[in-house]
Amino acid sequence: MRLEYFQMVDRITALDLPNRRITTACQVPEQSPVFEGHFPGYPILPGVLMIETMAQTGGWLVLAMLGCTKMPFLMQVEKAKMRSFVAPGQALEGEATLLHDGSGYAVVKAALSAGGKKVTDAEIRYGVVPFPNDTLRAAMLNTARRVGLPADHIQEHIHGA
Amino acid sequence: MASTYETVAGIIADTCDIEADKITPDSHAINDLGIDSLDFLDVAFAIDKAFGIKMPLEQWTQEVNEGKKSTDEYFVLKNLCANIDALVAAKPA
């Protein structure tokens with residue numbers, strides 16, 4: 001994870017499209033300016049970044065299902081629970097399951113675990129829209145390769161675009 | 001068994017916190033009830049789940065944006081319910 005760049009997912013560890021499920025690895029850094037403020041003398045990963053990590057995990061599932069032809073933007077977080085503190089240096093496992101593939105939106109159930117213990121979970125909803133520009137699309141394709149999204153789930157060119 | 005309209009009106013009342021007596025078959029979801037896009041996402045998800053369908057919101061939006069249809073055809077509740085009934089009838093057995 002590079003918290004300052006909102007790179008929350010290090011890699012995709014499993015992608016099971018028939019069962020509409022993904023898992024990710026997210027290594028919390030030992031050092032980050034974020035921990036200087038949150039909190040002095042007691043560094044823990046902010047809850048909003050735990051939610052962002054779940055949203056990105058689910059986002060990769062939606063992107064994979066669409067061949068990276070559209071972009072899921074976070075729209076809604078429901079029933080988010082922060083169950084445990086997350087300290088610098090902890091290894092997190094993200095998981096997300098698609099609850100509903102709507103027209104122009106998607107809904108996932110997501111969670112993060114540390115050492116097999118769930119630390120947070122939420123239901124997350126995305127607006128799924130065409131990429132607003134080529135810069136973002138190119139960046140997302142690069143990030144898809146970095147996190148290990150299988151190449152057959154990356155559609156390089158959008159037909160008709 | 002509740003009618004399509006009763007189910008949809010109940011979903012709107014619950015998810016958008018709108019008093020049930022303000023909702024009528026002639027209500028326009030956006031213009032009359034003030035449902036914004038985020039609230040409509042909740043409504044759409046609940047309708048999709050309740051009826052086991054996938055409302056083609058992207059197609060409807062495109063038709064409205066291209067001037068082929070008015071928003072009334074999709075967002076006035078009696079018309080929305082007619083569209084839902086058509087989608088339910090078209091579901092594979």
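Computed from a prediction, not measured in an experiment: that's the story for all the values here. (Residues numbered from 1 in each chain as written. Chains lettered and ligands numbered in written order. Predicted model: local features only at pLDDT ≥ 70, side-chain atom pairs only at ≥ 80, totals over all residues.)

A. Main features of the pairing of strand 6 (residues 117-130) of chain A. Residue and element names in this part refer to chain A. Of the pairings in the sheet, the one linking strand 3 (residues 70-82) to strand 6 comprises 10 bridges and is antiparallel in character. Pairing of Val77 across the sheet is with Ile124, part of strand 6. In this structure, strand 5 (residues 105-114) lies alongside strand 6, joined through 10 bridges in antiparallel fashion. The residue bridging Ala111 from the neighbouring strand is Asp121, located in strand 6. Turn length for the strand 5-strand 6 hairpin, with the two strands adjacent in sequence and antiparallel, is two residues, and the turn residue Gly115 shows positive phi of about 60°. (Pairing = 2+ DSSP bridges. Helix = DSSP H or I, 4+ residues; strand = E, 2+ residues; numbered from the N terminus.)

B. Geometry of the nonpolar core. By size, the foremost hydrophobic cluster in this structure holds 55 residues, and its most contacted members are Met54, Trp60 and Leu61 of chain A together with Ala44 of chain B. Tallying contributions element by element places helix 2 (residues 47-65) of chain A first for this core, with 10 residues. If near-sequence neighbours (up to four positions away) are discounted, Trp60 of chain A is found in contact with Val9, Ile12, Ile22, Thr24, Val147 and Leu149 of chain A. (Core = buried A, V, L, I, M, F, W, Y, C linked by C-beta atoms within 7 Å. Buried ≥ 20, exposed ≤ 12 C-beta atoms within 10 Å, placed from the backbone. Contact = placed C-beta atoms within 7 Å.)

C. The confidence of the model for chain B, seen in detail. Confidence along chain B averages 93 in pLDDT terms, with 99% of residues attaining 70 or more. Model confidence for the complex: the whole-complex pTM is 0.90, and ipTM, which rates the interface, is 0.85. (pLDDT = per-residue confidence, 0-100.)

D. Seen up close, helix 2 (residues 37-51) of chain B. All names here are of chain B. Between its terminal C-alpha atoms helix 2 stretches 21 Å, which fits the 21 Å expected from 15 residues at 1.5 Å a residue. Those residues of helix 2 that sit buried are Phe40, Leu41, Val43, Ala44, Phe45, Ile47 and Asp48. Once helix 2 ends, the next one or two residues include Gly52, with phi positive near 65°. (Expected span 1.5 Å × (residues − 1).)

E. Layout of the interface of chain B and chain A. If you look at the interface, chain B gives 11 residues, while chain A gives nine residues. Listed by contribution, the elements that provide at least two residues to the side of chain B that touches chain A are helix 2 and helix 3 (57-65) of chain B. Per-element tally for the side of chain B that touches chain A: the top contributor is helix 2 of chain B, with six residues. Within the side of chain B that touches chain A, the residues separate by chemical class into seven nonpolar, no polar and four charged. (Nonpolar A, V, L, I, M, F, W, Y, C, P; charged D, E, K, R; others polar.)

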